[in-house]
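The residues making up each chain are set out below.
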Amino acid sequence: MSELVLAGRRALVTGAGRGIGRGIALRLAQDGADVIVNDMDPATAASTAEAVRSLGRTADVAVGDLSKTSEVHAVCDTAVERLGGIDILVNNAGISLYSAIVDCSEEDWDAHLDIMAKATFLTMRRLAPAMMERGWGRIVNLGSYVAQFNCTTKYFGPYCAAKFAIVGLTQVAAQEFAPAVTVNAVGPGDVETEMMEIEWVQEGERRGTDAAAVKEEYRQRLILERLERPEDIAGAVAFLCSPAADQVTASHMIVSGGLPYHH
């Protein structure tokens, strides 16, 4: 989509300091949107915002820890204040812990559900009413390949639970916010990011092999033969925000390079 199909639209992307979130922020800017960049880290948020501005768009940062309700509200309110409103909401912020359920603490569980599922609920509750009132809005929540039947992955219990919650919430929100606002989820597979590199190291340690071998094993199971990049996920998000997807809502679009359905 080379045309500026999102010209005049105002977006909030959470967890956009690096990785998939940064890729999404830049792609939305390339398509014409102004962007508020949320991240916990002021430095990475500022870096992404500067990259958005280099594309000729307006950008600002809204630093905040989305595990805290008050900070979620503050991020949403800052975004509205800086751009005069939010038309596109992308709930991307997330964490991932590689650990057996019996080794997970209650704090681990709470962190996953708060940062992903609860924050998604809170941002939609805060921003969707104005979208409905204006008569246009696009919400894209980050699901996951693992948030499908028979695709869960051991040692990611809280993560899988949070992502299934996001998909369920997406499908309900799509019904409640229709027809003015579409609500969809995008489910990445294995994306080359800092977070994924850490997982490969952790899995290698558990199995007594090195991270490079684990990474190559992940690559070999893909139909399309290469690991994903943030821009691959960003393209799917941009599609769902574009006029080409005006009749797409309540979907969970899997963008995984063709991961095998059964482990």
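Go over the environment of glutamine 220, please, and point to the residues and values.
Following the sequence through the fold, glutamine 220 ends up in helix H7 (residues 211-220). Sequence separation of glutamine 220 and aspartate 31 is 189 residues, and the distance between their C-alpha atoms is 33 Å.

Can you explain the environment of aspartate 108? Please cite residues and give values.
With respect to the helices, strands and loops of the structure, aspartate 108 is situated in helix H4 (residues 106-134). Looking at aspartate 108, the relative accessible area reads 24%, which means it is partly exposed. C-alpha of aspartate 108 to C-alpha of proline 158: the two residues are 50 residues apart in sequence and 7.5 Å apart in space. The residues contacting aspartate 108, other than those within four sequence positions of it, are Leu97, Asp103 and Pro158. A distance of 2.9 Å separates the side chain of aspartate 108 from the backbone nitrogen of serine 105, its partner in a polar contact.

Go over the state of the cysteines with me, naming the residues and quoting the values.
Counted under the stated rule, the structure contains zero disulfides. Cysteine 76 supplies the cysteine sulfur nearest to cysteine 241, a cysteine that is in no disulfide, at a spacing of 16 Å. A relative accessible area of 1% means that cysteine 241 is categorised as buried.

Break down the pairing of strand E1 (residues 10-13) for me, with residues and values.
Where burial is concerned, the two faces of E1 agree: the one with Arg10 and Leu12 and the one with Ala11 and Val13 are both buried. As defined by bridge partners, E1 adjoins strand E2 (residues 34-39) across four bridges and the pair is classed as parallel. Looking across to E2, one finds that alanine 11 is bridged to valine 35. Crossover handedness for the path E1 to helix H1 (residues 19-30) to E2: right-handed.

Lay out the nonpolar core with the relevant residues and their values.
Leu12, Ile86, Ile139, Phe177 and Val183 are the most contacted members of the largest nonpolar core, which totals 45 residues. Of all the secondary-structure elements, those providing two or more residues to this core are helix H3 (69-83), H4, helix H5 (157-177), strand E6 (181-188), helix H6 (194-207) and H7. Looking at this core element by element, the count peaks at 10 residues for H4. Every residue in contact with leucine 12, bar those within four places of it in the chain, is listed here: Ile36, Asn38, Val75, Cys76, Ala79, Ile86, Ile88, Leu89, Val90 and Leu127. Grouped together as the second largest cluster of nonpolar side chains are 33 residues, Ile20, Leu142, Ile233 and Val255 included.

Outline the pattern of salt bridges, listing residues and values.
For the structure on display, the rule yields 17 salt bridges. Between glutamate 50 and arginine 53 there is a salt bridge whose closest N-O contact spans 3.5 Å. Placement of both glutamate 50 and arginine 53 in helix H2 (residues 42-54) is noted, with a separation of three residues, approximately one turn of the helix. You can call glutamate 50 partly exposed: its relative accessible area is 44%. The shortest N-O distance in the salt bridge between aspartate 246 and arginine 138 comes to 2.8 Å. With aspartate 246 in the loop between helix H8 (230-241) and strand E7 (252-255) and arginine 138 in strand E5 (residues 137-142), this residue pair connects regions lying 108 residues apart in the sequence. Several salt bridges converge on common partners, so that one network encompasses Arg10, Asp87 and Arg134.

Any details on the sheet that holds E2? Residues and values, ideally.
Strand order in the open sheet formed by seven strands is E3-E2-E1-E4-E5-E6-E7, and the pairing between neighbours is parallel. Here the strands that pair on one side only, and so sit at the sheet edges, are strand E3 (59-63) and E7. Strand-to-strand twist in this sheet, taken as the mean axis angle between neighbours without regard to direction, amounts to 20 degrees. Contacts from H4 reach E1, strand E4 (88-91), E5 and E6 within the one sheet, and its direction differs from that of E4 by about 170 degrees.

Rules used in this analysis
Residues numbered from 1 in each chain as written. Predicted model: local features only at pLDDT ≥ 70, side-chain atom pairs only at ≥ 80, totals over all residues. Heavy atoms only, no water. Helix = DSSP H or I, 4+ residues; strand = E, 2+ residues; numbered from the N terminus. Buried < 20%, exposed > 50% of the residue type's maximum accessible area, 1.4 Å probe, protein only. Contact = heavy atoms within 4.5 Å. Polar contact = N/O pair within 3.5 Å; in protein donor to acceptor, adjacent residues only side chain to side chain. Disulfide = S-S within 2.5 Å. Pairing = 2+ DSSP bridges. Right-handed = clockwise from strand over helix to strand, strands pointing away. Core = buried A, V, L, I, M, F, W, Y, C linked by side-chain atoms within 4.5 Å. Salt bridge = Lys/Arg side-chain N within 4 Å of Asp/Glu carboxyl O. Axes fitted to C-alpha atoms, helices over the stretch in contact; angles between N-to-C directions.

The values are spatial; any link to function lies outside them.
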